[in-house]
Amino acid sequence: MYKVGVIGGGTMGAGIAEVVARAGDPVLVLERDTASAAAASQRIDTSLARAVNSGRLTQGAADAARNLVDVTLNLGDFADRELVIEAAPEIEQVKVDFFTRLDDIVPDTTILATNTSSIPVIRIANATSRPERVVGVHFFNPVPVLPLVEIVVSLRTSDDVVAAVTDYATNRLGKKTIRSGDRAGFIVNALLVPYLVSAIRMLESGFATADDIDAGMVNGCAHPMGPLRLSDTVGLDVVLAVTESLYDEFREPQHAAPPMLRRMVEAGRLGRKSGQGFYTY
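Cut-offs used in this document
- Residues numbered from 1 in each chain as written.
- Predicted model: local features only at pLDDT ≥ 70, side-chain atom pairs only at ≥ 80, totals over all residues.
- Heavy atoms only, no water.
- Helix = DSSP H or I, 4+ residues; strand = E, 2+ residues; numbered from the N terminus.
- Buried < 20%, exposed > 50% of the residue type's maximum accessible area, 1.4 Å probe, protein only.
- Polar contact = N/O pair within 3.5 Å; in protein donor to acceptor, adjacent residues only side chain to side chain.
- Contact = heavy atoms within 4.5 Å.
- Phe/Tyr/Trp six-rings, centres within 6.5 Å; stacked < 30°, edge-to-face > 60°.
- Lys NZ or Arg CZ within 6 Å of the ring centre and 35° of its normal.
- Pairing = 2+ DSSP bridges.
- Axes fitted to C-alpha atoms, helices over the stretch in contact; angles between N-to-C directions.
- 1 Å grid on protein atoms, 1.4 Å probe; cavity = no way out; pocket = protein on both sides within 12 Å on 5 of 7 lines; lining within 4 Å.
- Points joined across faces, edges and corners; volume = space filled by probe spheres on them.
- Nonpolar A, V, L, I, M, F, W, Y, C, P; charged D, E, K, R; others polar.
- Parallel < 35°, antiparallel > 145°, perpendicular 65-115°, else oblique.
- Left-handed = near helix turned anticlockwise from the far one by under 90°.

Position of serine 154 among the secondary structure elements: in the loop between β7 (148-153) and α6 (159-172). Judged by its relative accessible area of 4%, serine 154 falls in the buried class. Polar contacts involving the side chain of serine 154 include one to the main-chain amide nitrogen of arginine 156, which spans 3.0 Å. At 3.0 Å, the side chain of serine 154 and the side chain of threonine 157 are in polar contact. Among all residues touching serine 154, those that are not within four sequence positions of it are Val121, Ile122 and Asp182.

What follows is the structure in structure tokens.
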């Protein structure tokens, strides 16, 4: 059993907090202001209610999990946490700043994990005095539903930390874990995001419509969702952030972000979470 802290109560952070609480562990979520804290709480309430309505969870289990979640505006409240999972926006400097501050707050024994989807973990670990206790623990959206967690091991992460977080994710949270080396995109996004970006370039060029691109992959390749609708589900801001990380790491033309993707993010058309992306929600 761990006392867990989660940095950020957005879609990913709220999902991580929920699965931790459903496993029976107390979890503290950090948000930046009262409005964001209320929104984080509502995300968890809505997700738990959905699990009850679908029959995946009993009302008693949902209530027990909800009672294990608290939201705070004060990072200092994390001083007793044994595992902290950062789920802040996919902006390297934001993550680095959190790890720098956490390093002065939590005990030396605390494991610091990042849910980054693409940023090399060593860049974040080097912001602390304990890089050997920093590891990537990358969940997938929606966290309560998708079983996968990537364990991302930097060149300085200790074997004990890798073993501890793998055991926790597998045996406590019930997730399927895979181990990745520490380079941009890790395993899943290094394969997935170039595919999504290729679909965006195809749409941008006028070669085919969004509906036809998605229908081709669903009906011709048995994918459960087409690449453009999947991009909307992931979040176009996240797709852009991963694309930029991949390009920064490898400097290959296929990793350059299409102008259409940049313009959509700049316009606030982020996909499902904003109500408008390649499709309207």
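Moving on to the environment of tyrosine 279. Within the element layout of this structure, tyrosine 279 appears in the segment after α11 (259-266). A relative accessible area of 11% places tyrosine 279 in the buried class. Sequence separation between tyrosine 279 and leucine 228 is 51 residues, and the spatial gap between their C-alpha atoms is 8.4 Å. When near neighbours in sequence (up to four residues on either side) are disregarded, tyrosine 279 contacts Ala210, Asp211, Asp214, Leu228, Arg229 and Asp232.

Here the structure, examined in full by the defined rule, presents one aromatic pair. Ring geometry for tyrosine 2 against tyrosine 168: centres 4.9 Å apart, planes inclined by 80 degrees, an arrangement best described as edge-to-face. Placement of the pair is tyrosine 2 in the segment before β1 (4-7) and tyrosine 168 in helix α6, with a sequence separation of 166 residues. The exposure class assigned to tyrosine 2 is partly exposed, which follows from its relative accessible area of 23%. The residue whose ring lies beneath arginine 229 is tyrosine 279, and the NZ or CZ to ring-centre distance is 3.8 Å.

Turning our eyes to something else, we now look at the sheet that holds strand β5 (residues 111-114). Strand order in this open sheet of eight strands is β3-β2-β1-β4-β5-β6-β7-β8, and the pairing throughout is mixed. In this open sheet, the two strands that pair with only one neighbour each are β3 (69-72) and β8 (176-181). Taking each pair of neighbouring strands and ignoring which way they run, the sheet shows an average axis angle of 25 degrees. For strand β2 (residues 27-30) and β3, the ladder comprises four bridges, and the chain directions are parallel. Looking across to β3, one finds that leucine 30 is bridged to threonine 72. Sheet strands touched by helix α4 (residues 92-103): β1, β2, β4 (83-86), β5 and β6 (134-139). Its angle to β5, the strand with the most contacts, is close to 170 degrees.

In this structure, the second largest pocket encloses a volume near 360 Å³. As for the second largest pocket, its lining consists of 16 residues, and the residues nearest its centre are Thr11, Arg43, Ser47, Arg50 and Pro142. Contributions of two or more residues to the lining of the second largest pocket are made by α1 (11-22) and α2 (34-53). The element that contributes the greatest number of residues to the lining of the second largest pocket is α2, accounting for six residues. Of the residues contributing to the lining of the second largest pocket, the split by class is six nonpolar, six polar and four charged.

The subject of this paragraph is empty space enclosed by the protein. Tallied over the full model, the rule gives two cavities of 30 Å³ or more. Of the pockets and cavities examined, the largest cavity occupies roughly 50 Å³. Taken together, the elements giving at least two residues each to the lining of the largest cavity come down to β4, β6 and α6. No other element matches the three residues that α6 contributes to the lining of the largest cavity.

Look at the link from asparagine 141 to proline 142: it is a cis peptide, with omega at 0 degrees. Tracing the sequence through the fold places proline 142 in the loop between β6 and β7. Of note in this structure, phenylalanine 186 is not a glycine but carries a positive phi near 55 degrees. Turning to its location among the elements, phenylalanine 186 is positioned in the loop between β8 and α7 (188-204). For arginine 251, which is not a glycine, the phi torsion comes out positive at approximately 55 degrees. As for its placement among the helices and strands, arginine 251 is situated in the loop between α10 (236-250) and α11. Looking at arginine 251, the relative accessible area reads 53%, which means it is exposed.

Further remarks concern the side chain of serine 117. Tracing the sequence through the fold places serine 117 in the loop between β5 and α5 (121-125). With relative accessibility at 8%, the residue serine 117 sits in the buried group. With sequence-adjacent residues up to four places away left out, serine 117 is seen in contact with Glu90, His138, Gly185, Phe186, Asn189, Val238 and Val242.

The angle between the axes and the distance between the axes are what describe a pair of packed helices. Running from N to C, α7 and α10 cross one another at 110 degrees; their axes reach a closest spacing of 10 Å. Our classification of the angle between α7 and α10 gives roughly perpendicular. The handedness of the crossing between α7 and α10 is left-handed. Residues Asn189, Ala190, Val193, Pro194, Leu196 and Val197 of α7 touch α10, and the partners they reach there are Val239, Val242, Thr243 and Leu246. Considering only residue class, the contact of α7 with α10 consists of eight nonpolar, two polar and no charged.

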